[in-house]
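Results of the structural survey
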Amino acid sequence: MRLDITAGSPGRIAELPMQRPTVLVFDSGLGGLTVFAELLKARPDADFVYAADDAGFPYGRLAEPALVARVVAVMDRLVARFRPDLVVIACNTASTAVLPTLRARHSIPFVGTVPAIKPAAALTRTKRISVIATPGTVKRDYTQGLIASFAADCAVNLVGASRLASLAEAELNGVAVPDVEIAAEIAPAFVQEGGLRTDVVVLACTHYPLLRPRLERLASWPVAWIDPAPAIAKRAVQLLVEQGHTAPEPPALPGEAQAVFTGGATLTPALVAALAARGLSGAGVLTMPLSAEVAAAL
């Protein structure tokens, strides 16, 4: 809180609110929109920058050294350009590989996204959990560590969905995605053995909740779906408050929200309209092509 000792009557100190916070939401593509939606509901007074590294999408195709190099380079430029008070890495693949490096390089808080295995283990009754994720997240030692720490007494089925994130992107761009393609991606998550079957499915990629109604309809049987977005938003809001960015009393003036893309090839008129409908009134391109090092790793 800043104090203005010149305002008002002599001797009176007028309190001025802190400048509204800027939150940077980062993903390889459009999946982070599910997290942005929860953040916008929780702190409509904040300014938001939604950054999609579509030039590098999908991250699941990158080996870990190339992924770290790419995210570090893009994040360095985004932080310098927009000077956020807090960054949300709304991508499981990036979070499980790059968060320690980003936190060491920047003084601002970073909130990551990791597979929600702990809440899944608390929720399951059959002790049969499936985790749908990108192949990169499935292979991470970090994911195995979460299973060992929080779900050692459960049978955890890791499903590397190689196309589901791209299907979610296509649908948001107005492309017709057949049910059969989505069904094929999620079918391995439904396992029945010895009279017990999967009863909890973790959506360990922020893209997947974009397809939530279709996932529920195409499921082999009813399950509990875990979307990490509400928990991510809750943690981000806590950190903003700890920084002194408390929510103003209603009615508060809404903040500004814009989207930036590192490539722009996916920024079609249909997508611009979809982004506007989700609260991102402006969309543009901040060109960041793949480095020769990252491109060579593909």
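So, here's what we can say about the structure. (Residues numbered from 1 in each chain as written. Predicted model: local features only at pLDDT ≥ 70, side-chain atom pairs only at ≥ 80, totals over all residues. Heavy atoms only, no water.)

A word on the pattern of salt bridges. In a structure, side chains of opposite charge can pair up when their charged atoms sit close to one another. All chains considered together, the criterion is met by 12 salt bridges. Where Arg 217 meets Asp 179, a salt bridge forms, and the shortest distance between an N and an O atom there is 2.8 Å. Of this pair, Arg 217 sits in helix α9 (residues 212–218) while Asp 179 sits in helix α8 (residues 179–186), and the two are 38 residues apart along the sequence. By relative accessible area, which is 51% here, Arg 217 ends up exposed. You can call Asp 179 partly exposed: its relative accessible area is 29%. Between Arg 212 and Glu 216 there is a salt bridge whose closest N-O contact spans 2.8 Å. Of this pair, Arg 212 and Glu 216 both sit in helix α9, four residues apart, which is roughly one turn of that helix. Residue Arg 212 is classed as partly exposed on the basis of its relative accessible area of 26%. Owing to a relative accessible area of 42%, Glu 216 belongs among the partly exposed residues under this scheme. (Salt bridge = Lys/Arg side-chain N within 4 Å of Asp/Glu carboxyl O. Helix = DSSP H or I, 4+ residues; strand = E, 2+ residues; numbered from the N terminus. Buried < 20%, exposed > 50% of the residue type's maximum accessible area, 1.4 Å probe, protein only.)

Quick look at the sheet that holds strand β12 (residues 224–226) now. One key point about sheets: their strands pair by backbone hydrogen bonds, in either a parallel or an antiparallel sense. A sheet is described by the order of its strands in space; here four strands give the open sequence β8-β7-β11-β12, paired in parallel fashion. Taken across any chain shown, the strands that pair with only one partner, and hence form the sheet edges, are β8 (155–160) and β12. Averaged over all neighbouring strand pairs, the angle between strand axes comes to 20°, with direction disregarded. Inspection of the sheet shows strand β7 (residues 128–133) paired to β8 by six bridges, in the parallel sense. Looking at β8, one finds that Ile 132 is bridged to Val 159. (Pairing = 2+ DSSP bridges. Axes fitted to C-alpha atoms, helices over the stretch in contact; angles between N-to-C directions.)

All quantities given are derived from atomic positions and should not be read as evidence of function.
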